[in-house]
Amino acid sequence: MRHLMSPLDFSVEELDKLLDLATDIGKDPKKYAHVCDDKRLATCFYEPSTRTRLSFEAAMMNLGGKVLGFSSADSSSAAKGESVADTIRVVSCYADICAMRHPKEGAPLVASMASSIPVINAGDGGHQHPTQTLTDLLTIRSLKGRLDHITIGLCGDLKFGRTVHSLIEALVRYAGVRFILISPEELRIPSYIREDVLNRNQVPFEEVERLEDAMPELDILYMTRVQRERFFNEEDYIRMKDFYILDKTKMELAKKDMFVLHPLPRVNEISVEVDEDPRAAYFRQAQYGVYVRMALILTLLEVELPC
Ligand code: NCD
């Protein structure tokens, strides 16, 4: 039985296969409409989420399956003090696969060790968010036609942004990828990513503070929200929250075939005037997220695919 805790749980070849399947699903979703008719997905979310939870639920429904679950710690037995290990043992009796989001780093891993069904990490604290990474990879591959030889700018809260950590880990495995890490001093990438992921793999990267300086070089700009819920005090958050605002003027500095991604939710970091720019890809990205989660469910459940 297989779980998904980190984007590195799949080899590059396995990822390619998964993205191919997601692409095929996107082209012909009807073909897959009943492949999970007898399956159930449990969504165990101990932290708020719109996109991730609903996209998992939509993914399972699109496959003909059913969904059950809870959307906050308060509405589950966690409020009574139940451990994630006990919860997953029980959920294993009700469902065939589980997507779990938790504010504590490592909680889905603990759950996977006690589970008799596949567990998907749907975001654990400031650590990892592998299914967002699968979404990002599918979006980049679909829009640019490749995952190698790209310059990607990651902008905003690189310290607490788990989507950024997972995406960097996944992309260092492709040739010719270069990172421009754009953040205020206080929100720089954690040193374990700088040392153990970037330096160890000899991946070229720069750390800069000004978005304008990086803009002309980028093939992809990955904007992120300042992660209010992970700050220790409100004053620091208020000081940081409007540090970057992508607007039309900054977009003029970018290449014509650059694309803007954002895991969403957006707060102030992308002005709504950018939404109509054809290079704004963040809402298309949300659609890719459903296809890739469908592909992931099929892969982890080892469902026989329609020909
Ligand atoms: C991200 C997350 O939860 O980490 N959102 C998401 O999964 N769509 C990014 C964020 O919350 O800023």
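A brief structural summary. (Residues numbered from 1 in each chain as written. Predicted model: local features only at pLDDT ≥ 70, side-chain atom pairs only at ≥ 80, totals over all residues. Heavy atoms only, no water.)

Gaps between atoms show up when a probe of the same size as a water molecule is rolled over them. Approximately 370 Å³ is the volume attributed to the largest pocket. Along the walls of the largest pocket sit 22 residues, with R101, R162, R225, L264 and P265 positioned nearest its centre. Contributions of two or more residues to the lining of the largest pocket are made by α2 (51-62) and α6 (162-171). Tallied by class, residues from the lining of the largest pocket come to four nonpolar, ten polar and eight charged. Counting contributing residues per domain, the lining of the largest pocket is built from domain 1 (7-128 + 289-301) and domain 2 (130-286), each supplying no fewer than three. Lining the second largest pocket, in full, are F10, E14, K17, L18, L21, L298, T299, E302, V303 and L305. Among the elements of the structure, α1 (12-27) and α11 (282-300) are those that each provide at least two residues to the lining of the second largest pocket. When residues in the lining of the second largest pocket are grouped by element, the largest group, four residues, is from α1. Tallied by class, residues from the lining of the second largest pocket come to six nonpolar, one polar and three charged. (1 Å grid on protein atoms, 1.4 Å probe; cavity = no way out; pocket = protein on both sides within 12 Å on 5 of 7 lines; lining within 4 Å. Points joined across faces, edges and corners; volume = space filled by probe spheres on them. Helix = DSSP H or I, 4+ residues; strand = E, 2+ residues; numbered from the N terminus. Nonpolar A, V, L, I, M, F, W, Y, C, P; charged D, E, K, R; others polar. Domains from an automatic or database assignment.)

Here the focus is the sheet that holds strand β4 (residues 119-124). Strand order across the open sheet formed by four strands is β2-β1-β3-β4, with parallel pairing between neighbours. The strands lining the two open edges of the sheet, one partner per strand, are β2 (66-70) and β4. Shown here is a sheet whose adjacent strand axes are inclined to one another by a mean of 15 degrees, direction ignored. (Pairing = 2+ DSSP bridges. Axes fitted to C-alpha atoms, helices over the stretch in contact; angles between N-to-C directions.)

Worth remembering: the numbers are spatial, not functional.
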